[in-house]
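Fold and geometry: a report
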Amino acid sequence: MSSSKKTVVLLAGLCALHLAVLLAGFLSPYDPVRQNRDIPFAPPTPIHFAASRSIRVSSPFVCAIDENRNEPDQYVENCRRTYPVQLLVRGAPYTLLGIVRSNLHLFGVSAPARLFLMGTDAYGRDVFSRFLFGGEVTLFAGLLATALTLILGAILGILSGYYGGWVDAVVMRGAELFLALPWLYLLFALRAFLPLSLNAVQAFLLLIAVIGIVGWARPARMIRGVVLSSRERHYVLAARLFGGSDGYLMRRHIMPDTYSIVMTQAALLIPQYVLAEVVLSFLGLGVGEPTPSWGNMLSTLQQYSVLASYWWMVIPGLALVPVFLGYIILASDLSLRETGRT
Amino acid sequence: MNSPSEFVLEARNLAKTYTQGKWWQKKFHCHAIENVSFALRPHETLALVGESGCGKTTLAMCLVGLETPDSGEILVEGTSLQSLGKSERASVRREIQLIFQDSAGALNPRMSAIEIVEEPLLLRGQPRAERRESAERRMEDVGISAKWKHRLPHEFSGGQRQRLAIARALTLKPKVLILDEVFEGLDLSIQGQIANLLIDLQQAHGLSYICISHNLALAAQFADTIALMDRGRIVEKGSPEEFQRRHSLPSALTASRPEAAMSAHSGA
Amino acid sequence: MLFLTRRLLHGILLLIGVSLLSFLFLQLAPGNFFDEMRLNPQISRDTVAALYQQYGLGKPLPVRYFAWLESVAKGDWGVSFAYNSPVAPLLFSRSRNTLLLTGLATAFSWMIAIPAGVLSAASRRRHRWVDDTGTLITTFLLATPDLLLALGVLWLAIHTRWFHAGGMLSPESADSSMPSRMKDLALHLVAPLVVLVLGSLPVLVRHVRAAVVDALNSPHVRAVEAHGISQSRILFRHALPTAASPLISLFGFSLGSLLSASVLIEVIMNWPGLGPLLLEAILARDVYVVIGSVMLSAMFVVCGMLIADLLLFLADPRIRTEDLA
């Protein structure tokens, strides 16, 4: 596959993933915060395609789940009662992107059966639904924080590179300061010095702000480098002779030179920032209960009993690997393209 | 002093020194130009000749305002630039335009030909239809067909790019064009074409030229006055015939100049 | 010499900047350590107020900053409200544990990364598959977050019981003999070490490989190749010394992050290092502990940069001549 086709496929895959989590309400069968205290830590519900005696494949169905009378906290299937898996069912209401209200879900089973594609957690909440909603929080926290960092870094980098002088000196010394501190420490410390108990939306926005602000230094330096060489180009000098203001020169001639480096930085930063959200929420410094995020979903695994026995709780962590892989390959593609051109 | 002058551009005792070194180091001074004076008449071409590093480009930068001279005066049509306010100075400065040596570097590779040529008018605030029309006319003036207006710089040859740069400079109807080594890097035949174009434009638009070059022979063909620069100073000034006598340049060179040829033919 | 003294001054200025920045955050932080206490009905308002005064939390920022500087000069580094002790001994004892872990991890990582990277780069011409496989493995490792690796290793520890899952020492070992204590420590080290090494390997290997590839493609090495010198001589005598420069900077960076690299791992695996202390202090608003940890870690970063500069100075003749100019 040619390299640009590979890039397109990667981008398409990543877009599809992000779209899927945006449609979390539609794709998930249950409300992510709804607890089912009677069925904590249930393993993923098996979906059957054929009745046990016949060979014919039928439409998917699930069996009823009962508690194992011999071992407490263990579940066993009771296939004398089966319930078909249906498409496009009505269920718990949700809002997509805060605009579209609906209660239509892609699939589900009718009561009293329950379909837990990824099992349940300590409070009996459907892990699959939480996985989708949590993915929305985690992935978009990473994206938005990256956008913030790149905007901040671009503004400071462009101003610093274009004007030089004391502006440049101040910005670059500031950048050194931020780069001298270990990233995770800075994140913790910054987060620490802010209110600890917030509601979900505030926590989300604060998280984005903190992660986004901490990382401005490296992109700013790289963009500044581009600007330093850009501003000496003769077409910029010529435009100044024609009466171009600083703002015009920066906008029309210098900024376009920074786009490719911004793209490469974005591909590098997004996975780092997604991971930052996961770590902060894992440690209790990010998004809190009951709102799901891949980070706080993993934090129950700090208890060894959970880690040892309930493997489905790791799924949000495993999901990070293909996401990061996608971004890593994209980043190396983009940087090859850039060095190939320059 | 606002007296009308016979000179379109005059420089008096211009000097500029660059200093290298941080505050705790011993400084290194580079006297780029010292005590430079010249006067340019309308429709005249002055050639500034000298080796690389002798200050020609610094002088050009000072004349257009990209650098500020440490001392000395610049007068445009008799008006000293220092006596003007900031915006007046900027508008007077626009009478002097600069054509850079590197044609590819002087054009933004992402902009189309028409966007490049009309940029000065865009910055003057002209509406789109007017701009386009003026720009297209300037393109025709320099010999680039208007049907190529959407092409990007890399799709043009070096000579064509210089023409576009000249067209762009002409949109502001300047009085003086400073040509900084514009023939550099072009084939001899293309150099000839550009030289002819410049001569035609000079007659059509009443331009004055300051032609910067390290090639004395080329300058002799093209200029009315030659000023020789060495290490930041003008060491010799005179007409091409005087230079020919002093430096024994082949007379064929000066004889090939258009005016000389015409005067020879008319028997004057 | 001038070059190095300039870098040293630069580093000191940086540290001062860090301390000022941290104190600035102090001012912006809402709430303090005693808020929790205030909520507790058993402790009287007066006691809380008295403690507040005693620790000087009400005083203006510059006063507190200079008081802290004084405390640093004395060797106390401020006071921890939670532990009711000077911050310095806390920091240093915890740092020892962290450095044990990260020191070993860094050593192992570099010892594996250098041969792996060199092998990968050198095999590109004749045995491409070695390089390709290596790159595949490192890319996968790179894509796997440390968090996941830690959980995986813990799971392994729990199920196989080959090594301990977390903590630094078993309580029983305090009374046993030195060799068995060493063994106990070693078994506890396995889990966090594996995670740290696996976590840092991909980045290091990538850099080593890139540096060696660049060196092998550089004009002077190619010139030597044209002379017909053997491949191994080219590698060891010409390519590797060239590749060393960028790697020295990376090594300085590794040294600089000795204190901070293991924060997450320590918290997950209950290793009593600086990480859990920092987290605890953050949640409890034990401000001087937080500032002390940040400063200590910044010091390591600055020292790492200085050591890298020094090594580069010694290794790369070009920097020496620049200095004399």
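**Observations regarding the overall build of chain B**
From N to C terminus, chain B includes 11 helices and 10 strands. Relative to its full complement of 268 residues, chain B shows a buried share of 50%. Surface accessibility of chain B: about 13,000 Å² in total, with carbon and sulfur atoms responsible for 49%.

**Let's talk about the domain arrangement of chain A**
According to the domain assignment, chain A contains domain 1 (45–115) and domain 2 (131–341). Computed over C-alpha atoms, the centres of domain 1 of chain A and domain 2 of chain A are 40 Å apart.

**Re helix H9 (residues 240–247) of chain B**
Along H9(B), the residues classified as buried are Pro240(B), Phe243(B) and Gln244(B). Buried residues of H9(B), seen end-on, are gathered within an arc of 105° and therefore sit on one face of the element.

**Details of helix H6 (residues 158–170) of chain B**
Residues and elements named next belong to chain B. Taking 1.5 Å per residue, 13 residues should reach 18 Å; H6 reaches 19 Å between its end C-alpha atoms and fits that length. Summarising burial for H6: 11 of the 13 residues are buried, a large majority. Here H6 has its buried residues at Gly 159, Arg 161, Gln 162, Arg 163, Leu 164, Ala 165, Ile 166, Ala 167, Arg 168, Ala 169 and Leu 170.

**Quick word on the confidence of the model for chain B**
All names here are of chain B. Mean pLDDT over chain B works out to 82, with 88% of the residues at or above the 70 mark. Of all the helices and strands in chain B, helix H11 (residues 258–266) carries the lowest mean pLDDT, 47, while helix H4 (residues 113–123) carries the highest, 92. For residues 260–268, every residue scores under 50 in pLDDT, and the model assigns this stretch 4 contacts once sequence neighbours within four places are set aside.

**Here's the deal with the nonpolar core**
Among soluble globular proteins, nonpolar side chains are generally buried collectively. With 226 residues, the main nonpolar core has Leu9(B), Ile178(B) and Ile210(B) as its most contacted residues. Examining the composition of this core, we find that 17 residues originate from one element, helix H9 (residues 246–282) of chain A, more than from any other. Both domains that furnish three or more residues to this core are identified here as domain 1 (45–115) and domain 2 (131–341) of chain A. Residues within four places of Leu9(B) in sequence aside, it is in contact with Phe38(B), Ala39(B), Leu40(B), Leu63(B), Ile74(B), Leu75(B), Val76(B), Ile96(B), Val176(B) and Ile210(B). The next biggest cluster of nonpolar side chains, apart from the first, holds 34 residues, and it includes Ile99(B), Val182(B), Ile199(B) and Leu218(B).

**Remarks on unusual backbone geometry**
Residues and elements named next belong to chain B. Its identity is not glycine, yet Asn 13 carries a phi of approximately 50°, on the positive side. Inspection of the secondary structure puts Asn 13 in strand S1 (residues 9–20). Taking the relative accessible area as the measure of exposure, Asn 13 reaches 42% and is therefore partly exposed. With a phi angle near 50°, Glu 181 is a residue other than glycine that sits in the positive phi range.

**Observations regarding the pairing of strand S3 (residues 86–96) of chain A**
Residue and element names in this part refer to chain A. Pairing geometry for S3 and strand S4 (residues 100–108), over 7 bridges, is antiparallel. Residue pairing across strands places Leu 87 opposite Phe 107, the latter belonging to S4. Counting the residues between successive antiparallel strands, the hairpin from S3 to S4 contains 3 residues, one of them, Leu 97, with a positive phi of roughly 55°.

**Concerning the sheet that holds S1(B)**
Residues and elements named next belong to chain B. Read from one edge to the other, the open sheet built from 4 strands follows the order S2-S1-S4-S5, with strand pairing classed as antiparallel. The sheet terminates laterally at strand S2 (28–40) and strand S5 (79–80), the two strands that pair on one side only. Across 5 bridges, S1 lies against strand S4 (residues 71–76) in antiparallel orientation. What sits directly across from Ala 15, in S4, is Ser 71. The strands that helix H1 (residues 56–64) touches are S1, S2 and S4; relative to S2, the one it contacts most, it runs at about 65°.

**Considerations on the side chain of Lys56(B)**
Looking at where Lys56(B) falls in the secondary structure, it is placed in helix H1. Classification of Lys56(B) as buried rests on a relative accessible area of 4%.

**A few points about a nonpolar patch on the surface**
Residues and elements named next belong to chain C. A cluster of nonpolar residues, Leu 8, Ile 12, Leu 13, Ile 16 and Leu 20, forms a patch on the protein surface that exposes about 460 Å² of accessible area. If you trace the backbone, Leu 8 turns up in helix H1 (residues 2–28). For Leu 8, a relative accessible area of 43% translates into the label partly exposed.

**Let's talk about the environment of Ser95(C)**
Residues and elements named next belong to chain C. Looking at the secondary structure, you find Ser 95 in helix H5 (residues 87–122). When the C-alpha positions of Ser 95 and Thr 144 are compared, they lie 27 Å apart, and in sequence the two are 49 residues distant. Not counting the four nearest positions on each side in its chain, Ser 95 is found in contact with Leu 259, Leu 274 and Leu 296.

**Focus: the pattern of salt bridges**
Once the charged atoms of two side chains with opposite charge are near each other, the side chains can pair. The tally for this structure, following the rule as stated, stands at 28 salt bridges over all chains. When salt bridges with common partners are traced through the structure, they connect Asp121(A), Arg125(A), Arg130(A) and Glu289(A) into a single cluster.

**Thoughts on the packing of aromatic side chains**
Counted under the stated rule, the structure contains 13 aromatic pairs over all chains. Their ring planes at 65° and their centres at 6.3 Å tell us that Trp148(B) and Phe156(B) sit as a pair that is edge-to-face. Classification of Trp148(B) by relative accessible area gives partly exposed; the value is 24%. Arranged with centres 5.3 Å apart and planes meeting at 90°, the rings of Trp110(C) and Phe251(C) form a pair that is edge-to-face. With Trp110(C) in helix H5 and Phe251(C) in helix H10 (residues 231–256), this pair connects stretches of sequence that are 141 residues apart. Overall, Trp110(C) belongs to the buried group, its relative accessible area being 9%. Judged by relative accessible area, Phe251(C) falls into the partly exposed class, the value being 29%.

Conventions used here
Residues numbered from 1 in each chain as written. Chains lettered and ligands numbered in written order. Predicted model: local features only at pLDDT ≥ 70, side-chain atom pairs only at ≥ 80, totals over all residues. Heavy atoms only, no water. Helix = DSSP H or I, 4+ residues; strand = E, 2+ residues; numbered from the N terminus. Buried < 20%, exposed > 50% of the residue type's maximum accessible area, 1.4 Å probe, protein only. Areas by Shrake-Rupley, 256 points an atom, 1.4 Å probe, with all protein chains shown as cover. Domains from an automatic or database assignment. Arc of directions from axis to C-beta. Expected span 1.5 Å × (residues − 1). pLDDT = per-residue confidence, 0-100. Contact = heavy atoms within 4.5 Å. Core = buried A, V, L, I, M, F, W, Y, C linked by side-chain atoms within 4.5 Å. Pairing = 2+ DSSP bridges. Axes fitted to C-alpha atoms, helices over the stretch in contact; angles between N-to-C directions. Patch = residues over 30% accessible without salt bridge, like charges linked within 9 Å, V, L, I, M, F, W, Y side chains within 5 Å. Salt bridge = Lys/Arg side-chain N within 4 Å of Asp/Glu carboxyl O. Phe/Tyr/Trp six-rings, centres within 6.5 Å; stacked < 30°, edge-to-face > 60°.

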